[in-house]
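# Residue-level structure breakdown
Here is what each chain is made of, one letter per residue.
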Amino acid sequence: MNPQTAERLAIWLDGTHVADLLRDPRASHKPYGLQYTEAITDTLDTGALCLSASLPVSRRLLVSKPKGGANRTGPVDHWVAALLPEGDALAIMENNAGLARGDTFGFLRRFGHDCAGAVAFLPPGETPDTRSLPAAEQVDLAEAINQLPYYPIAGYEHDDGLSLGGFQAKLLLTLDTTPEAFPNTATENPEPPVDPSADNRRWIKPRLNAPSTHICKPDPVEGTTVGLVISEAVAMHALRHAGIDAAQTDLLDIEGRPVLLATRFDRETDGTAITRLHQESFCQAVGVAPTDRFQRFGGPTYAQLAELLLSHGLDPDTEQQALLAQVTATVAVGNTDAHGCNYGLLLRDGSARLTPAYDVANTTAFLPRRAEGHRIAIFPDDKDRLLYVGRKSLIAEASRWGLPTKVASAVVEQTIAGVLDGIADAANHYSKWIDSADPTRRTNAEQAVEQMNSHATRLAATSETP
Ligand SMILES: Nc1ncnc2c1ncn2[C@@H]1O[C@H](COP(=O)(O)OP(=O)(O)OP(=O)(O)O)[C@@H](O)[C@H]1O
Ligand SMILES: [Mg+2]
């Protein structure tokens, strides 16, 4: 790729122009290149952590190496691809913007102003401050959710460029924290109001310099996953109850449909300004395509994530224990979907921390029954089915990372006990939501809670001796 003739898109990291994404105008789409700016190469050492563990700071142009044949992609392409939604949402947004399928560069130019983590993509010459922005506009939540099938992620036609990974339908919002938005209450409501209609938060459309602060996931209206967001709300509550650092989630009732509301852990606000904190997924950190997120398709292993925490973590021991707690909890609730895009790293000042847990739900209740048990996304101690994973496998997996058996055993014990207790607390907390749901949703949500209990109970009963 010739940097002189390449098309460029500036990559901003929380207000600093840190790199350019380059595309060869003669090549169809990929591979892309990434060039750190002098602002970065003059201040950070070569090899330092900035945008991604898979893209260490370098003065050289980082180009994904074509591997030959049809596979012409590599870390830069995988890293940017992970910022885009998947499935229907991606296809609809590409279509709305008149983009060719798979034109990641074009997609980010159009929609990459607010992504996972602190990155924002802008045309060369523009800065976050010079873009003229319309005044904050309030969002009608019900209307935006109804518009999601046509305008994914934004929920309205003329969005300001929002992108987020994942298959499920979702909406990005910014919590209005101006005093007028809270006539009666002072702060954000961390847990679901007992009466859903009592929720009086006001929402505004995210803008480049008023980044989204929350993610809404409406429950599917039909199909096999109706009730999945209730399962997620219950599981996330159970994890928090067990003392695991997990994203704050809440359920909203929008015209009778449960909507999961997650507070973004990659945003920080002091009441007036919102700051983006950088994060990347485990797939991005190891340079694996988001499509390869499952270990059985060549995706990352837990040992690799543990290794990243060891080499980049400020306190690797604590980070690895947090990872073990997340892995144990995900097995305990019967989550088969804890793949490489559902674990992440928070990157700050050249070091990494595990992100809070997110996207954790019981999934087995939504899958066909399998005599040989359900496959899991990443294999603890090489066990590829949920039912094969016992306390022994979790402790053995952590020993491979270098955690002493005694420490690992204590984390596993404490997590299982906490999650079991947490499921009961969560089921009670969400009983009104489950009992008043439509018949299919209610049945599925009840089964999800039942399955969580049975997986956690089974895990607690397994032998501990490695
Ligand atoms: N609370 C949160 N704070 C910050 N980022 C989040 C949070 N929850 C999710 N994300 C980011 O958004 C992405 C999509 O969210 P999520 O995984 O919940 O969606 P999904 O569509 O259910 O995913 P999947 O494709 O795994 O089913 C995540 O991969 C992560 O990068
Ligand atoms: Mg996910």
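Source: prediction; values computed, not measured. (Residues numbered from 1 in each chain as written. Chains lettered and ligands numbered in written order. Predicted model: local features only at pLDDT ≥ 70, side-chain atom pairs only at ≥ 80, totals over all residues.)

## Observations concerning the overall build of the protein
Definition in use: We count a stretch as a helix when DSSP gives it H or I for four or more residues in a row; a strand needs E for two or more, and each element gets its number in order from the N terminus. Note that the radius of gyration is over C-alpha atoms, with the globule rule given as 2.2 Å times the number of residues to the power 0.38. We call a residue exposed when 12 or fewer other C-beta atoms sit within 10 Å of its C-beta, buried when the count reaches 20 or more, and partly exposed for counts in between; the C-beta positions come from the backbone. Placing a C-beta atom from the backbone of each residue, one calls two residues in contact when those atoms lie within 7 Å.
Helix and strand counts for the protein stand at 13 helices and 15 strands. Its C-alpha atoms give the protein a radius of gyration of 22 Å, within 12% of the compact-globule value 23 Å for 466 residues. Oriented by its inertia axes, the alpha-carbon framework of the protein measures out at about 65 × 50 × 40 Å. When each of the 466 residues of the protein is scored for burial, the buried share is 50%. Of all intrachain contacts in the protein linking residues separated by at least 6 positions in sequence, the fraction that spans at least 24 positions is 68%.

## Description of the site of ligand 1
Going by this rule: The C-beta atom of each residue is placed using the backbone, and any residue whose C-beta lies within 6 Å of a molecule or strand is treated as near it. Note on residue categories: nonpolar means Ala, Val, Leu, Ile, Met, Phe, Trp, Tyr, Cys or Pro, charged means Asp, Glu, Lys or Arg, and polar means any other residue, Gly included. Segmentation into domains, and thus their bounds, comes from an automatic or database assignment.
Around ligand 1, a shell composed of 19 residues is seen, among which Gly166, Phe167, Gln168, Ala247 and Asp359 lie nearest. A breakdown of the residues in the shell around ligand 1 according to their chemical character gives 9 nonpolar, 6 polar and 4 charged. When residues are assigned to domains, the shell around ligand 1 turns out to be shared by domain 2 (127-269) and domain 3 (279-461), each giving three or more.

## Quick notes on helix α10 (residues 391-401)
Regarding α10, the residues found buried are Arg391, Ser393, Leu394, Ile395, Glu397, Ala398 and Trp401. Looking at the buried positions of α10, the neighbouring elements they touch are α8 (302-312), α9 (316-332), α11 (405-429) and α13 (439-461). Remark: glycine 402 follows α10 within two positions and exhibits a positive phi of approximately 110°.

## Brief notes about the sheet that holds strand β4 (residues 62-63)
As a reminder of what qualifies: Two strands form a pair only when DSSP identifies at least two bridges running between them. Note on method: axes are straight lines fitted to C-alpha atoms, helices fitted across the in-contact stretch only, with angles between N-to-C directions ranging 0 to 180 degrees.
Ordered by their spatial adjacency, 5 strands build an open sheet running β4-β3-β2-β1-β5, and the pairing between neighbours is antiparallel. This sheet does not close on itself; its edge strands, each paired only once, are β4 and β5 (119-122). On top of the sheet, helix α4 (residues 104-111) reaches β1 (7-13), β2 (16-23) and β5; it is set at about 50° to β1, its chief contact.

## As for the environment of alanine 154
Counting through the fold element by element, alanine 154 comes out in the loop between α5 (141-147) and β6 (171-175). With 26 C-beta atoms counted inside 10 Å, the residue alanine 154 sits in the buried group. Between the alpha carbons of alanine 154 and proline 206 there is a distance of 8.5 Å; along the sequence they are 52 residues apart. Residues contacting alanine 154, with those up to four places away along its chain left out, are Asp159 and Leu162.

## Describing the pairing of β1
Across a regular strand the side chains alternate sides, sitting on one face of the sheet and then on the other. Where β1 and β2 come together, 7 bridges link them in antiparallel fashion. Residue pairing in the sheet places arginine 8 in a bridge with leucine 22 of β2. Between β1 and the antiparallel strand that follows it, β2, lie 2 residues; aspartate 14 among them carries a positive phi value of about 45°. Here 4 bridges tie β1 to β5, and the two strands are oriented antiparallel to one another. The residue of β5 that forms the bridge with tryptophan 12 is alanine 120.

## A few points about the domain arrangement of the protein
Here the domain parsing of the protein yields domain 1 (3-81), domain 2 (127-269) and domain 3 (279-461). Each side of the interface is counted separately: domain 1 has 10 residues, and domain 3 has 16 residues. By residue class, the composition of the side of domain 1 that touches domain 3 is 6 nonpolar, 4 polar and no charged.

## Considerations on the sheet that holds strand β7 (residues 203-204)
A sheet is described by the order of its strands in space; here 5 strands give the open sequence β7-β6-β8-β10-β9, paired in antiparallel fashion. Strands at the two margins of the open sheet, each flanked by one partner only, are β7 and β9 (249-254). On the sheet, helix α6 (residues 228-241) packs against β8 (214-218), β9 and β10 (257-263) and is oriented at approximately 40° with respect to β10.

## A closer look at the packing of α6 against α11
When two helices pack together, their arrangement is given by the angle between the helix axes and the distance between those axes. Just so we agree on the cut-off: By definition in this entry, angles of less than 35 degrees are roughly parallel, angles greater than 145 are roughly antiparallel, angles of 65 to 115 are roughly perpendicular, and the rest are oblique. Take the far helix as your reference; a near helix turned counterclockwise from it by less than a right angle gives a left-handed crossing, and one turned clockwise gives a right-handed crossing.
Relative orientation of the contacting elements α6 and α11 amounts to 130°, with a least axis distance of 7 Å. Here α6 is positioned oblique relative to α11, judged by the angle of their axes. In terms of crossing hand, the pair formed by α6 and α11 is right-handed. Touching Val234, His237, Ala238, Leu239 and His241 of α6 are Gly418, Val419, Asp421, Gly422, Ile423, Asp425, Ala426, Ala427 and His429, all from α11. The residue inventory of the contact of α6 with α11, partitioned by class, reads 7 nonpolar, 5 polar and 2 charged.

## Concerning unusual backbone geometry
With phi around 55°, aspartate 359 is a residue other than glycine that occupies positive phi space. Take aspartate 359: there are 22 C-beta atoms within 10 Å of it, and that puts it in the buried class. Despite not being glycine, aspartate 382 shows a phi value in the positive range, around 65°. Its place among the elements puts aspartate 382 in the loop between β15 (351-354) and α10.

## Details of the packing of α11 against α13
Contact geometry for α11 and α13: axes closest at 9 Å, N-to-C directions at 160°. Relative to α13, α11 is oriented roughly antiparallel. For α11 against α13, the interelement crossing comes out left-handed. Facing α11, whose interface residues are Ile416, Val419, Leu420, Ile423 and Ala427, α13 presents Val449, Met452, Asn453, Ala456, Thr457, Leu459 and Ala460. Its residues assigned to classes, the contact of α11 with α13 comprises 10 nonpolar, 2 polar and no charged.

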